[in-house]
Amino acid sequence: MKVADLDLPRLARGPEGLYFERKSLFDGPDGEKQPRGRREVRDDVADVTAAFANSDGGVLVLGVEDDGTVTGHKYPADAVEDILAVPERRLAPPLGHGVRALVDGIEVLVFIVETSPVPVMVQANGYPCRVGDTVVRMPADRIA
C-alpha cells in the first residue's frame, strides 16, 4: 500500500483503532503548544510501527490532534528525516521509511506498516503488539 492509496483527510479525522493511530507533534495547553521532544516522538514511532508489524499492520499519522484536527509539525528538515527513518534504524528487523504527505495543505508524517512474518523488536525495548487501540509488550513467541 502507498500513501496515494489512502484517503488521508478522512483517515486523519476518523476513529483510532486496531489499524490506525494518530499522534500530535505538539504538547502543552491550548494557545501555548510547543513541538514535542524529538526523542519522545521517535520512541512513539518505534513502538507503534513495531506494534502494527507484530499485529495485522496499520497506519500511523503524525501531525494530527486527538480530535482529528490536522496541525502538522514545526521541525526542521533534518529532524523530520530522523523521525521518518526510525523504523529502519531502531527496529529489528528494520521496517520501511515513513513519508511526508499533505493533508489540507499541511505536512504530516505517515508510516504504512504491513504485518511482519517474524516478530519485530524495538531495539533494547522488547516486542510491542497492537491490542485494540493500544500498544502492549508481549514475548516474541506469543507474537510468532
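This is a predicted model, so every value here is computed, not measured.

**A short note on the overall build of the protein**
Item 1. Check the secondary structure of the protein and you find five helices and ten strands.
Item 2. A compact globule built from 144 residues should have a C-alpha radius of gyration of about 15 Å, and the protein, at 14 Å, falls within 12% of that.
Item 3. If you line up the protein on its principal axes, its C-alpha atoms span 45 × 30 × 25 Å.
Item 4. Within the protein, counting contacts between residues at least 6 apart in sequence, those at least 24 apart form 67% of the total.

**Describing the layout of surface pockets**
Item 1. Approximately 210 Å³ is the volume attributed to the largest pocket.
Item 2. Lining the largest pocket are 15 residues, with G96, H97, F111, I112 and V113 sitting closest to its centre.
Item 3. If one sorts the elements of the lining of the largest pocket by residue count, strand β7 (residues 106-113) sits on top with four residues.
Item 4. Its residues placed into classes, the lining of the largest pocket shows nine nonpolar, four polar and two charged.

**Digging into unusual backbone geometry**
Item 1. Cis geometry marks the peptide bond from A92 to P93; its omega dihedral reads -5°.
Item 2. Among the secondary structure elements, P93 is positioned in the loop between β5 (91-92) and β6 (99-103).
Item 3. For D104, which is not glycine, the phi dihedral falls at a positive 55°.
Item 4. Within the fold, D104 resides in the loop between β6 and β7.
Item 5. Positive phi, normally seen in glycine, also occurs at A124, with a value near 65°.

Thresholds, definitions, all that
- Note that residues are indexed from 1 along each chain, following the sequence as it is written.
- Predicted model: local features are reported for residues with pLDDT of at least 70 only, side-chain atom pairs are reported and counted for 80 or more only, and whole-chain, interface and lining totals are derived from all residues.
- Remark: hydrogens and water are excluded; side-chain values derive from all non-hydrogen atoms of the structure.
- A run of DSSP states H or I qualifies as a helix once it reaches four residues; a run of E qualifies as a strand once it reaches two. Both are numbered from the N-terminal end.
- Radius of gyration here is computed from C-alpha atoms only, and the compact-globule reference equals 2.2 Å multiplied by the residue count raised to the power 0.38.
- Residue contacts follow a heavy-atom distance rule, with two residues in contact if any of their heavy atoms lie within 4.5 Å.
- Put simply, the grid is 1 Å and covers the protein atoms alone, a cavity is a trapped set of points that fit a 1.4 Å probe, a pocket is an open set with protein on both sides within 12 Å along at least five of seven lines, and lining residues have an atom within 4 Å of a point.
- Grid points are joined across faces, edges and corners, and a volume is the space filled by probe spheres set on the points.
- Three categories are distinguished: nonpolar for Ala, Val, Leu, Ile, Met, Phe, Trp, Tyr, Cys and Pro, charged for Asp, Glu, Lys and Arg, and polar for the others, with Gly belonging to the last.

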